[in-house]
Structure formats: structure tokens, C-alpha cells
Amino acid sequence: QVQLVESGGGLVQAGGSLRLSCAASGRTFSSYAMGWFRQAPGKEREFVATISWIGGRTYYGDSVEGRFTISRDNAKNTVYLQMNSLKPEDTAVYYCAAAHVGYNDYDRNDAVRADWYDYWGQGTQVTVSS
């Protein structure tokens, strides 16, 4: 069992930056692939970014590529999402997710799907004003 707690959301002006954190419980954090998703009002949950066990592989959604960076610190059981050049359309609740999969089972086609993940956090609100 893994529990995930997001933090770092807030209100920021367009062009600004925020760093989200996701703290995970459990001693086997390093064996989980991690992801960030977001959901805006009236819209479906959208893939943002994902990172493999030891951070060797990362993938991003098209709308955030080049602006957001996902990283992890396995010693701190934490995954981060650095968000730069924020736009009003980035406004959403951001969710952290964990997938318990074998290292060789980490594939981009799976890692971008919300149903691939086993555990989810409660979410943190990010609001970008114009």
C-alpha cells in the first residue's frame, strides 16, 4: 500500500513557475513508476508527465513538453513537478499517481494512461491567472 500526498499548488500569474511535490509513504517507493495528471473543471483527466523507477526515463504530455520537468528523489520518497512558463490553460487540480510495475514493464504507451496506475493522491489545485 502506498499513500500519496501532493503539495505546492497555488495561485500564480501567467509566465510564472510552481513546483509540486508528492510525498509517498512506504519503503518501496523506488519500485514504483510515478506520474502526474491534471483535471480541469468539465474536462477529462489529462496525462502530464511520468518517470520510471530510478528516473532514467521520462515522458511528457504534448501540452507541457518543454515547460514542465518531472523528477524524483527516492531517498526522500518524493516526486516533483517543476512547472515553468505557466499558462491559464494549465489551471487544474494536479494529481500524483504510482504504479507498481516491473522495471522492464515500464512503457510509454502504458504510462500515459490513468488506469495503469494503482494509487492516487488527493490532488492539489493550481490556478494560473492571465
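Remember, it's a predicted structure, so these values are computed and weren't measured experimentally.

We now examine the environment of Ala 97. Relative to the elements of secondary structure, Ala 97 occurs in strand S9 (residues 92–100). Beyond its immediate stretch of four places on either side in the chain, Ala 97 contacts Leu 4, Ala 33, Met 34, Gly 35, Tyr 117, Tyr 119 and Trp 120.

Turning to the side chain of Thr 78, a few remarks are in order. Looking at the secondary structure, you find Thr 78 in strand S8 (residues 78–83). A residue is classified by how much of its surface remains accessible, and Thr 78, at 8% relative accessible area, is buried. A polar atom in the side chain of Thr 78 sits 2.8 Å from the backbone oxygen of Lys 76. In this structure Thr 78 touches Ser 21, Cys 22, Ala 23, Phe 29, Arg 72 and Asp 73, once residues within four positions along its chain are discounted.

Here we come to the nonpolar core. In terms of nonpolar packing, the biggest core is built from 29 residues, with Leu 4, Met 34, Trp 36, Val 79, Leu 81, Met 83 and Tyr 94 touching the most fellow members. Elements supplying a minimum of two residues to this core: strand S3 (18–24), strand S4 (32–39), strand S5 (46–51), strand S7 (68–73), S8, S9 and strand S11 (124–129). Within the second largest apolar cluster, 10 residues are counted, among which are Phe 37, Ala 99, Ala 111 and Tyr 117.

By the alternation rule, side chains of S7 split into Phe 68, Ile 70 and Arg 72, which are all buried, and Thr 69, Ser 71 and Asp 73, of which none is buried. Alignment of S7 against S8, held across six bridges, turns out to be antiparallel. The partner of Asp 73 across the bridge, within S8, is Thr 78. Here S7 hands over to S8 after four residues, with Asn 77 in that stretch at a positive phi of 55 degrees.

So, on to the state of the cysteines. Tallied over the entire structure, the rule returns one disulfide. For Cys 22, the disulfide goes to Cys 96, at an S-S distance of 2.1 Å. Classification of the bridge connecting Cys 22 and Cys 96 rests on its S-S torsion, roughly -80 degrees, and on that basis the disulfide is left-handed. Taken together, the positions of Cys 22 in strand S3 and Cys 96 in strand S9 put the pair 74 residues apart, joining distant regions of the chain. Like Cys 96, Cys 22 is buried.

It is worth spelling out the environment of Leu 81 at this point. Locating Leu 81 in the fold gives a position in strand S8. Apart from the residues within four sequence positions on either side, Leu 81 is in contact with Leu 18, Arg 19, Leu 20, Trp 36, Val 48, Ala 49, Phe 68, Thr 69, Ile 70 and Tyr 94.

Moving on, we come to the pattern of salt bridges. Taken as a whole and judged by the stated rule, the model has five salt bridges. A salt bridge links Glu 46 to Arg 38; its shortest N-O distance comes to 2.8 Å. Exposure remark for Arg 38: the relative accessible area of 5% places this residue in the buried category. For Asp 115, the salt bridge goes to Arg 113, with nearest N and O atoms at 2.8 Å. Because the salt bridges share partners, they merge into one network encompassing Arg 38, Glu 46, Arg 67 and Asp 90.

Quick notes on the rules
Residues numbered from 1 in each chain as written. Predicted model: local features only at pLDDT ≥ 70, side-chain atom pairs only at ≥ 80, totals over all residues. Heavy atoms only, no water. Helix = DSSP H or I, 4+ residues; strand = E, 2+ residues; numbered from the N terminus. Contact = heavy atoms within 4.5 Å. Buried < 20%, exposed > 50% of the residue type's maximum accessible area, 1.4 Å probe, protein only. Polar contact = N/O pair within 3.5 Å; in protein donor to acceptor, adjacent residues only side chain to side chain. Core = buried A, V, L, I, M, F, W, Y, C linked by side-chain atoms within 4.5 Å. Pairing = 2+ DSSP bridges. Disulfide = S-S within 2.5 Å. Salt bridge = Lys/Arg side-chain N within 4 Å of Asp/Glu carboxyl O.

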